[in-house]
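Architecture and fold: a report
The chain contents come next:
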Amino acid sequence: MSLILAVNAGSSSLKISLFQRLPREPKTPRLLLSSSISSISSPPAKFTFNHASTTPCSAYSSSEPSIRDHESAFAHFLSRLKEDATIDHQEIQHTCHRVVHGGDYRDPVVISEQSYHHIEKLRDLAPLHNGAALSVIKTCLKTLPDALSVAFFDTAFHKNLPRYVSTYAIDQKIAKDRGLRKYGFHGLSCKPPPLYAFIKRVVAKHLHKEEDALNIIALHLGSGASACAIRAGQSIDTSMGLTPLSGLPGATRAGDIDASLIFHYTSESPSQLSHNPAIANQVHMTKAEEILNSQAGWKALTGTTDFGEITRKAQLSAPSSSTLDNPHTLAFQVVLDRVLHYVGAYHLALRGKVDALVFAGGVGERSEELRRAVGEAVNFFGYSAIDERINGVVDDIEGIVVDIGKYDGGKRMLVCRTDEQMEMARECSLAEEFWN
Ligand SMILES: Nc1ncnc2c1ncn2[C@@H]1O[C@H](COP(=O)(O)OP(=O)(O)O)[C@@H](O)[C@H]1O
Ligand SMILES: CC(=O)OP(=O)(O)O
Ligand SMILES: [Mg+2]
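Rules used in this analysis
Residues numbered from 1 in each chain as written. Chains lettered and ligands numbered in written order. Predicted model: local features only at pLDDT ≥ 70, side-chain atom pairs only at ≥ 80, totals over all residues. Helix = DSSP H or I, 4+ residues; strand = E, 2+ residues; numbered from the N terminus. Rg over C-alpha atoms; globule rule 2.2 N^0.38 Å. Buried ≥ 20, exposed ≤ 12 C-beta atoms within 10 Å, placed from the backbone. Axes fitted to C-alpha atoms, helices over the stretch in contact; angles between N-to-C directions. Parallel < 35°, antiparallel > 145°, perpendicular 65-115°, else oblique. Left-handed = near helix turned anticlockwise from the far one by under 90°. Contact = placed C-beta atoms within 7 Å. Nonpolar A, V, L, I, M, F, W, Y, C, P; charged D, E, K, R; others polar. Near = placed C-beta within 6 Å. Domains from an automatic or database assignment. UniProt positions renumbered as here; feature names shortened; annotations may be inferred. Pairing = 2+ DSSP bridges.

A closer look at the overall build of the protein chain
In terms of helices and strands, the protein chain carries 16 helices and 14 strands. Here the C-alpha atoms of the protein chain give a radius of gyration of 21 Å, agreeing with the 22 Å that 2.2 N^0.38 yields for 436 residues. The 436 residues of the protein chain split such that 45% are buried.

Description of the packing of helix α12 (residues 327–349) against helix α14 (residues 368–378)
Between α12 and α14, whose axes approach to 11 Å, the crossing angle comes to 45°. Here α12 is positioned oblique relative to α14, judged by the angle of their axes. Judged by the twist between their axes, the crossing of α12 over α14 is right-handed. Note on element contacts: α14 touches α12 through L370, A373, V374, A377 and V378, opposite L336, V339, L340 and V343. Looking at the contact of α12 with α14 residue by residue, the classes come out as nine nonpolar, no polar and no charged.

Observations regarding the site of ligand 1
In the region of ligand 1, 17 residues are neighbours, and G10, G222, S223, G308 and G362 sit closest. At the level of secondary structure, the elements contributing two or more residues to the shell around ligand 1 comprise α11 (307–313) and α13 (361–366). For the shell around ligand 1, the leading source of residues is α13, giving four residues. Within the shell around ligand 1, the residues separate by chemical class into three nonpolar, twelve polar and two charged. Both domains that furnish three or more residues to the shell around ligand 1 are identified here as domain 1 (3–153) and domain 2 (196–255 + 296–420).

Topic: the UniProt feature "active site" (unreviewed entry) in the protein chain
Summarizing the sequence annotation, UniProt attributes the feature "active site" (unreviewed entry) to D154 in the numbering used throughout. You can see D154 is positioned in the loop between β8 (148–153) and α4 (163–166). With 28 C-beta atoms packed within 10 Å, D154 lands in the buried category. Ignoring sequence-local partners within four residues, the contact set of D154 consists of R98, V100, F185, H186, G187 and L188.

A short note on the site of ligand 2
The full set of residues close to ligand 2 is G10, S11, V100, D154, F185, H186, G222, S223, G224 and P244. Its residues assigned to classes, the shell around ligand 2 shows three nonpolar, six polar and one charged. Residues lining the shell around ligand 2 come from more than one domain, with at least three contributed by each of domain 1 (3–153) and domain 2 (196–255 + 296–420).

Some points on the UniProt feature "binding site: Mg(2+)" (unreviewed entry) in the protein chain
If you check UniProt for "binding site: Mg(2+)" (unreviewed entry), the listed places come out as N8 and E420 in our numbering. Apart from the residues lying within four places of it in its own chain, the contact partners of N8 are K15, R98, E420 and Q421. Within the element layout of this structure, E420 appears in helix α16 (residues 420–430).

Comments concerning the sheet that holds strand β12 (residues 356–360)
Across a sheet, paired strands are connected by hydrogen bonds in the backbone, their directions being either parallel or antiparallel. A sheet is described by the order of its strands in space; here six strands give the open sequence β11-β10-β9-β12-β14-β13, paired in mixed fashion. The open sheet terminates on both sides in strands that have one partner only, identified here as β11 (234–238) and β13 (401–403). On average, each strand axis in the sheet is tilted by 25° relative to the strand beside it, whichever way the strands run. Pairing of strand β9 (residues 216–221) with strand β10 (residues 225–231) involves six bridges; the strand directions are antiparallel. Across the sheet, the residue bridging to H220 is S226, located in β10.

Here it is as structure tokens:
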């Protein structure tokens, strides 16, 4: 058997799927098993293991207080793989790794000393991600030495962003020398046609459109949240930037702020820092990153990373100054406000020609409340009203893409169950050069 292990190191989770490559159908690798470890950043982590290939499919989940990070999460998975699944590790020929920041890499790369160091150098530009992915890659190199490790990059889908979109209004020499530009993330992409590659491919199929004719606004809302405007199948703007910090707030990320805020947040005022630039460079940059990446977001507003808990505790009627005193209501409205900001901007970027608004990611796929609120707000753009009989039971509906709008001729509202592991496995399976 030719097996492909696909590993997706998200900021709060590790999702792993094992596929079998079928040489006659390389486009559709067969899912054998999948596993996920969620809440890694707010323990105890939750572990699930699903044998897709047994009938009936068998699954279990457990709470795992010993999992502290992505490395221990992956080690736990490997031990379960050995004990619970009769898989011979030797049969794993390829491991695919989602690496969030690829810098200038435009295509997937085989892990070598050189590519490993390239990814390591970008660690600071994806502080919640690249280091985590590297810890898993390192374990794979050690425990599966005969398998080829291939890295797939979130940034690749956005490689053709218009220059005026990717350019920050700063000194262009410094920007060029240091690679300071908008990269964009969540775009797990491979060779053309390049996710947002996964979303694009399955939504085009669902809407019976060619991928290169597809215009959508995709909202990938999870612990890390971003929006993307896709015109004719290409990313033309996205809300994350140089790092996955900017744009929408996430579970522990601030999203867009006034860049000066951080100096006022910390105890040293800007005037004190200017007397001692060394402190500004060495201490406060890292402190600022830590605050904005790990001590912010809806967790900072409410104390929980779980957006489901936020919607359960929020008052979801029209906000008023008294309901906004409830921190859960406030957090919900902050997220909604920022999402609508980008949805509005991207309608303009697409000149109103939008086939569908697509919700994906842990929050996008599970929060009927957020979808309802977004749906009500965008209705005047010509979207179909949300069909509440479907919006409330999306989890129970099979299929990768679910229509949540009424069929009344308006623009479509869709939920797409993203599967970054499948996207990597598919591209790996299709790439002849990885198999010869
Ligand atoms: N029932 C739910 N309703 C709303 N949000 C949820 C629900 N269950 C999980 N989530 C959110 O999904 C997020 C995880 O999203 P996911 O995309 O899987 O993670 P990652 O960003 O690590 O890849 C968690 O931060 C949690 O807030
Ligand atoms: C890029 C990013 O933020 O990814 P995730 O949502 O998986 O943390
Ligand atoms: Mg993710």
